[in-house]
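A look at the structure
Chain by chain, the residues:
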Amino acid sequence: MKSNIPARVKIIDVGPRDGLQNEKQQVPPEVKIALVQRLQDAGLKEIEVTSYVSPKWVPQMADNHAVMAGITRRADVRYSVLTPNLKGWEAAAADKPDEIVVFGAASEAFSQKNINCSIAESIERFAPVVEAALAAGVAVRGAMSCTVGCPYEGDIAPERVAYLAGLMRGIGVQRVDVADTIGVGTPLKVQRAIAATLKHFGIDDVSGHFHDTYGQALANTLAALELGVWNYQSSIAGLGGCPYAKGATGNVATEDLVYMLQGMGIETGIDLDKLVDAGQYISDFLGRKPQSRVAVALLNKRAG
Ligand code: HMG
Ligand code: MG
């Protein structure tokens, strides 16, 4: 049987950014720095560290400079950060990220709620950011929110995903994330959103970013794997949620994703035991159990 399932998967852990951005209690920069360290010790080669957004909108990310300055960078790890506009890019540039992320939405209502402008206006704002980053030798990724469903508009048609992907391509974005922001997607819907994206980006430049609100993220990952997608974003200990997508929970837990991939014989380069340690570290700080079935199972096994 012919299968498109890749032999190797690259994971971007978005825990320090997507995972923590929604936490009510302020997590000190030292803890974020220690988390990044533990993630890279576990073998993560891409980490989304922080965002350069308005501190009034997302207070948790106000320590972006301290976190970027405090991490011990490795040459073989790519550190990415979110930049919604030129102000964000200028602030980020000082910290020399390897990649910046502009973030748009397939839904007009979510675009307004999240970044306070329409899809068309967001692209106008992103264009000079992309240009400046590329000129500075910094890679550019585009996050596409609400590619299957929106908290305000409901189902999102694949055509709208294709439209946004085309706009992203048009301004020079190098690769894109197909995000299920509120975790409502199911496998066939996710495959349609990916197929729409593939009209504008090659398979190597598309990643899956699945929140797990309805428990579908691993099934959606398998559906994306079947299309040959080999880049995924996940969040250590399943942390997270978006402040502008009420009720949405975190991304698929990195521990759960790695366990599934390892079980399928897919190479990730990640040490699951060390990953569980990283998840336990941040969960202990937050005073709760990891939101990862695999982490809880392995921690119980250790305790037993
Ligand atoms: P705005 O109010 O339209 O911006 O916000 P503005 O240009 O009118 O400026 C208003 C104030 O914000 C000014 O300050 C600016 O200086 C300041 P004031 O004069 O009032 O003191 N400002 C900034 N400050 C710091 N950094 C900046 C910046 N820009 C303006 N870059 C803005 C527009 C985009 C800034 C705002 O809407 C914002 O910060 N939104 C937060 C968006 C966010 O971080 N959302 C969560 C991340 S996205 C996500 O989680 C989804 C993702 O995971 C994929 C998925 O799952 O879907 C990526
Ligand atoms: Mg997200």
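Anyway, here's the lowdown on the structure attached to this text. All values reported here derive from a predicted model rather than from experimental measurement. Numbering of residues starts from 1 in each chain and follows the order in which that chain's sequence is written. Chain A is the first chain written and ligand 1 is the first ligand written, with later ones labelled in order. Where local features are concerned, this predicted model is filtered to residues with pLDDT of at least 70; where side-chain atom pairs are given and counted, the filter is 80 or more; whole-chain, interface and lining totals use all residues. Excluded from the side-chain calculation are hydrogens and water; included are all heavy atoms of the structure.

Helix numbers and strand numbers start at the N terminus; a helix is a DSSP run of H or I with at least 4 residues, a strand a run of E with at least 2. The number of helices and strands found in the chain is 12 helices and 10 strands. The atom set for the radius of gyration is the C-alpha atoms, and the globule formula is 2.2 Å times the number of residues raised to the power 0.38. Its C-alpha atoms give the chain a radius of gyration of 18 Å, near enough to 19 Å, the size a compact globule of 304 residues would have. When its C-alpha atoms are laid out on the principal axes, the chain stretches across 55 × 50 × 35 Å. Summary of the burial criterion: residues with accessible area below 20% of their type's maximum are buried, those above 50% are exposed, and those between are partly exposed, where the area comes from a 1.4 Å probe applied to protein chains only. Residues classed as buried in the chain amount to 55% of the 304 residues present. The contact criterion used throughout is that any non-hydrogen atoms of two residues lie within 4.5 Å. Restricting the contact set of the chain to residue pairs at least 6 apart, pairs at least 24 apart contribute 74%. Approximately 12,300 Å² of the chain is accessible, and the part contributed by carbon and sulfur atoms is 53%. A positive count includes Lys and Arg, and a negative count includes Asp and Glu. His and the chain ends are not counted in either. Charge positions come from single atoms, namely NZ of Lys, CZ of Arg, CG of Asp or CD of Glu. In the chain, the 30 positive side-chain charges and the 33 negative ones have mean positions that sit 2 Å from each other. Values of accessible area rely on a 1.4 Å probe in the Shrake-Rupley scheme; residue burial ignores everything except the protein chains shown.

The subject of this paragraph is the environment of glutamate 159. Position of glutamate 159 relative to the elements: it lies in helix α7 (residues 158–170). The sequence separation of glutamate 159 and methionine 260 amounts to 101 residues, and the corresponding C-alpha distance is 31 Å.

So, about the coordination of the magnesium ion (ligand 2). In this structure, Asp18 (OD), His209 (NE2) and His211 (NE2) serve as the protein donors to the magnesium ion (ligand 2), at separations of 2.1 to 2.3 Å. Here the donor residues of the magnesium ion (ligand 2) are spaced in sequence according to D-x190-H-x1-H. One end of the pair, aspartate 18, is in helix α1 (residues 15–19); the other, histidine 211, is in the loop between β9 (206–210) and α9 (217–226), and 193 residues separate them in sequence. Assessed through its relative accessible area of 2%, histidine 211 is described here as buried. Each metal's donors are the N, O and S atoms found within 2.8 Å of it, except that Na, K and Ca use a 3.2 Å limit; water is left out, so coordination can look incomplete.

This next bit is on helix α8 (residues 187–197). Buried within α8 are the following residues: Val190, Gln191, Ala193, Ile194, Ala196 and Thr197. Next to the buried residues of α8 lie β5 (139–145), α7, β8 (175–180), β9 and α9.

Turning next to the pattern of salt bridges. Definition used for salt bridges: Asp or Glu carboxyl oxygen within 4 Å of a side-chain nitrogen of Lys or Arg. Scanning the entire structure with this criterion turns up 18 salt bridges. Connected through salt bridges with shared partners, the residues Lys10, Arg17, Asp18, Glu46, Glu48, Arg78, Glu99, Arg141, Arg175 and Asp177 form a single ionic network.

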